[in-house]
Amino acid sequence: MYSRIIGTGSHLPEKILSNHDLEKMVDTSHDWIFSRTGINERHIAGENELASDLAVPASRRAMESAGIEADEIDLVIVATTTPDMLFPSTATILQSKLGIRNNCPAFDVQAVCTGFIYALATADCYLKSGKYRHALVVGTEVLSRIIDWTDRSTCVLFGDGAGAVVLKSGETPGILSSHLHADGSYNPILAAPGRVCNGKIRGSPFVSMNGNAVFKIAVNVLEQVAEEAMQANRMSPSDIDWLVPHQANIRIIEATAKKLSMDMERVVVTVDRHGNTSAASIPLALDHVAREGRFREGETLLMEGVGGGITWGSLLLKW
Ligand code: COA
């Protein structure tokens, strides 16, 4: 038994914040941002728009492209670092907004930018065991809420958005392997350490990051986890048709592709149009290429991500 992606969808908020807009907000330039990160623009959610609000249109598009109705979904998993509220989970809020009334399980997964990989790997375990038939797996973020817009070292990097897939269990291959990792000793290099305590926020609620340290670790673990996935499936880079990496930074993506000797034509890049949208970035990138009809049935995709924790992981699958 396998689980297989049968539909994708995504949604970006209407408001665009370009690099030139950022030049008016902090001491930066389009050239600095674009040459260091490959980012051109990012989308920013409206004041009252929550992670679940971005997830609704992304999920509807994924269900529409899968050709299934809301009540056929029997598992909802949402990966997010910016949930609507402390509780209930964003997954249950999304379940309600989508009108899924079959009492199926719904829960959130928090692995920051690796969240979508963790969520998809979790759904895969349930589906290939035969327990559920259709899973809705979503990555959705309103990161703009936890960014200090006066800190040029972080505010140029992140954006808001959502991406979703519908997974279906069956005999056709699908997801061939997942590999998940974490090393909590790296917690401090990328964090939003604030916490709610007696009605007040204690500590900074904004993203703080040691950019250079994150960069080096990201390139190393992304190479390692790609090698691990290929070895487990007795594949080499020439067997991979598409690399779908976490969209954080073009230089991290290019360095990983180079280490794997993969031609950039086989690497999905959308970071220019939405920046780092954390758990939403991989499904956003996936939906972009899927909608253009560029993935062919039976092609092999390698997805990989890295994020706060630090966490990292991969999924190798047949389209
Ligand atoms: N605009 C202009 N200058 C900036 C700037 C900005 N937005 N942000 C930082 N700078 C300055 C720094 O102050 C520094 O100036 P100094 O030399 O006078 O001290 C200079 O640019 C170089 O800073 P540095 O941090 O060494 O730049 P970098 O080349 O390492 O690029 C990042 C910084 C953040 C782009 C890079 O480290 C990176 O991509 N890290 C990974 C981030 C990431 O992807 N995180 C999420 C992972 S899931």
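Structure shown above.
Read on for an overview of the structure. Since the structure is predicted, the reported quantities are computational estimates derived from the model, not experimental observations.

Quick look at unusual backbone geometry now. With an omega of 5°, the peptide bond running from F87 to P88 counts as cis. Following the sequence through the fold, P88 ends up in the loop between β4 (75–79) and α4 (90–98). For the peptide bond that leads from G309 to I310, omega is -5°, which places it in the cis range. Mapped onto the elements, I310 comes out in the loop between β14 (300–307) and β15 (311–318). Phi angles above zero are rare outside glycine, and N103 is one such case at about 60°. For N103, the position within the fold is in the loop between α4 and β5 (106–109). With relative accessibility at 74%, the residue N103 sits in the exposed group. Look at N198: it is not a glycine, yet its phi comes out positive at around 50°. In this structure, N198 sits in the loop between β10 (195–197) and β11 (200–202).

Looking at the secondary structure, you find T114 in the loop between β5 and α5 (115–128). Take T114: its relative accessible area is 0%, and that puts it in the buried class. In terms of polar contacts, T114 uses its side chain to reach the side chain of T311, at 2.7 Å. Once you skip the residues sitting within four places of it in the chain, T114 turns out to touch G305, V306, G307, T311, W312 and G313.

Thresholds, definitions, all that
Residues numbered from 1 in each chain as written. Predicted model: local features only at pLDDT ≥ 70, side-chain atom pairs only at ≥ 80, totals over all residues. Heavy atoms only, no water. Helix = DSSP H or I, 4+ residues; strand = E, 2+ residues; numbered from the N terminus. Buried < 20%, exposed > 50% of the residue type's maximum accessible area, 1.4 Å probe, protein only. Polar contact = N/O pair within 3.5 Å; in protein donor to acceptor, adjacent residues only side chain to side chain. Contact = heavy atoms within 4.5 Å.

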